[in-house]
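# Breakdown of the fold
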Amino acid sequence: MENYRHQFIDYSPCNLPVGKAVCVGLNYAAHAAEMSSQQTADPLLFIKPSTALVPLAGGMKIPTELGDCHFETEMTILIGERLSGCNQAQAQKAIVGIGLALDLTLRSLQTELKTSGQPWEKSKAWDGACPLTSFLKPEKIADLQNQRIRLYQNEQLRQDGNTAQMLTPVLPLIVYISRFFTLEPGDVVLTGTPEGVGPLALGDQLRVELGEVLVETASVVGR
Ligand code: ZN
């Protein structure tokens, strides 16, 4: 397992432990459409354990023996306070960082699991399935719901969305999550992917961008 620690872009100290990732599926209509998935009435939640969290920068390891692995680029919130049954003001106050994650998904395996009515877990929660960038401090982001998210694969623009397109915006999403799962300091919340997801190949060079303020690159390697 990679030795992952949460980091701030400005290198200020971050003493938060590495917790779980709580994720939402189908939070952008255009992505639900490209997956031929029905939008759900309530947010569709799933969890990646702390063992899935790895640094995005540098070599990103994918398990090629388990079938095709898709990228999903998602704005990600670093939680700094315990949240259980919280309201929006408490959710807002608990946000200590904003970054990007790749919700790596073993797509063929996911389809197989979905078809046979099994949970997605194996396709979404494996070791290394949640590469994370460093985090910006919240004061660097003027409006959480107006951030451009881009992913370039070998210099080709593959994903170009905006957090304005989220079906459940960040604060109501955190409130909803906290009804089911207590969020603890060091947990992260992945807020869903815009359209344009696709398969990774060994040797790919990736660049992810959040607005103009966060840019990180990664290369895809075998494990
Ligand atoms: Zn996702």
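Check the entry above for the structure.
Let us look at the structure shown here. Computed from a prediction, not measured in an experiment: that's the story for all the values here.

What follows is about the overall build of the protein. Helix and strand counts for the protein stand at 5 helices and 15 strands. Compactness check: the protein gives a C-alpha radius of gyration of 16 Å against a globular reference of 17 Å for 223 residues, within 12% of the reference. Counting contacts in the protein only where the partners sit at least 6 residues apart, residues at least 24 apart contribute 77% of the total. When the accessible surface of the protein is totalled, it reaches about 9,800 Å², and 49% of it is carbon and sulfur.

Taken in spatial order, the 3 strands line up as E8-E5-E13 in an open sheet, and their pairing is antiparallel. The strands lining the two open edges of the sheet, one partner per strand, are strand E8 (105-106) and strand E13 (198-199). Taken together, the 2 bridges between strand E5 (residues 69-71) and E8 define a ladder with antiparallel strand orientation. Note on E8: the bridge partner recorded for Cys-69 is Leu-106.

Even without a glycine there, the phi angle at Ser-36 is positive, about 50°. Tracing the backbone shows Ser-36 in the loop between helix H1 (29-34) and strand E2 (44-48). Overall, Ser-36 belongs to the exposed group, its relative accessible area being 68%. At Glu-155, a position not held by glycine, the phi torsion is positive, near 70°. Examined against the element boundaries, Glu-155 turns out to sit in the loop between strand E10 (148-153) and strand E11 (156-162). Residue Glu-155 is classed as exposed on the basis of its relative accessible area of 60%.

Time to look at the packing of aromatic side chains. Applying the stated rule across the entire model yields 3 aromatic pairs. With centroids separated by 5.3 Å and ring planes inclined at 65°, the aromatic side chains of Phe-46 and Trp-120 adopt a geometry described as edge-to-face. Of this pair, Phe-46 sits in strand E2 while Trp-120 sits in the loop between helix H3 (107-115) and helix H4 (121-124), and the two are 74 residues apart along the sequence. On the numbers, 5.1 Å between centres and 55° between planes, the contact of Tyr-176 with Phe-180 is tilted. Remark: Phe-180 and Tyr-176 occur in helix H5 (residues 170-180); sequence separation between them is 4 residues, near one turn of the helix. Here the aromatic residues Tyr-176, Phe-180 and Phe-181 are joined through ring pairs into a cluster of three or more. One cation-aromatic arrangement involves Lys-137 over Phe-8; the distance from NZ or CZ to the ring centre is 4.7 Å. We note Arg-207 situated over the ring of Tyr-152; from NZ or CZ to the ring centre the distance is 4.2 Å.

Between side chains of opposite charge, pairing is possible as soon as their charged atoms come close. Taken as a whole and assessed by the stated rule, the structure comprises 13 salt bridges. For Arg-223, the salt bridge is made with Glu-65, and the minimal N-O distance between the two is 3.8 Å. With Arg-223 in the segment after strand E15 (214-222) and Glu-65 in the loop between strand E4 (58-62) and E5, this pair connects stretches of sequence that are 158 residues apart. Note on Arg-223: relative accessible area 52%, which makes it exposed.

The next thing to look at is the sheet that holds E15. With mixed pairing, 5 strands are arranged side by side in an open sheet as E4-E15-E14-E10-E11. Either end of the sheet is taken by a strand with one partner, and the two such strands are E4 and E11. Put simply, the sheet's adjacent strands are angled 25° from each other on average, direction ignored. Relative to strand E14 (residues 205-210), E10 runs antiparallel, the two being bridged by 5 bridges. Paired with Arg-150 across the bridge in E14 is Glu-209.

Conventions and cut-offs
- Residues numbered from 1 in each chain as written.
- Predicted model: local features only at pLDDT ≥ 70, side-chain atom pairs only at ≥ 80, totals over all residues.
- Heavy atoms only, no water.
- Helix = DSSP H or I, 4+ residues; strand = E, 2+ residues; numbered from the N terminus.
- Rg over C-alpha atoms; globule rule 2.2 N^0.38 Å.
- Contact = heavy atoms within 4.5 Å.
- Areas by Shrake-Rupley, 256 points an atom, 1.4 Å probe, with all protein chains shown as cover.
- Pairing = 2+ DSSP bridges.
- Buried < 20%, exposed > 50% of the residue type's maximum accessible area, 1.4 Å probe, protein only.
- Phe/Tyr/Trp six-rings, centres within 6.5 Å; stacked < 30°, edge-to-face > 60°.
- Lys NZ or Arg CZ within 6 Å of the ring centre and 35° of its normal.
- Salt bridge = Lys/Arg side-chain N within 4 Å of Asp/Glu carboxyl O.
- Axes fitted to C-alpha atoms, helices over the stretch in contact; angles between N-to-C directions.

Remember, this is a structural readout, not a statement about activity or role.
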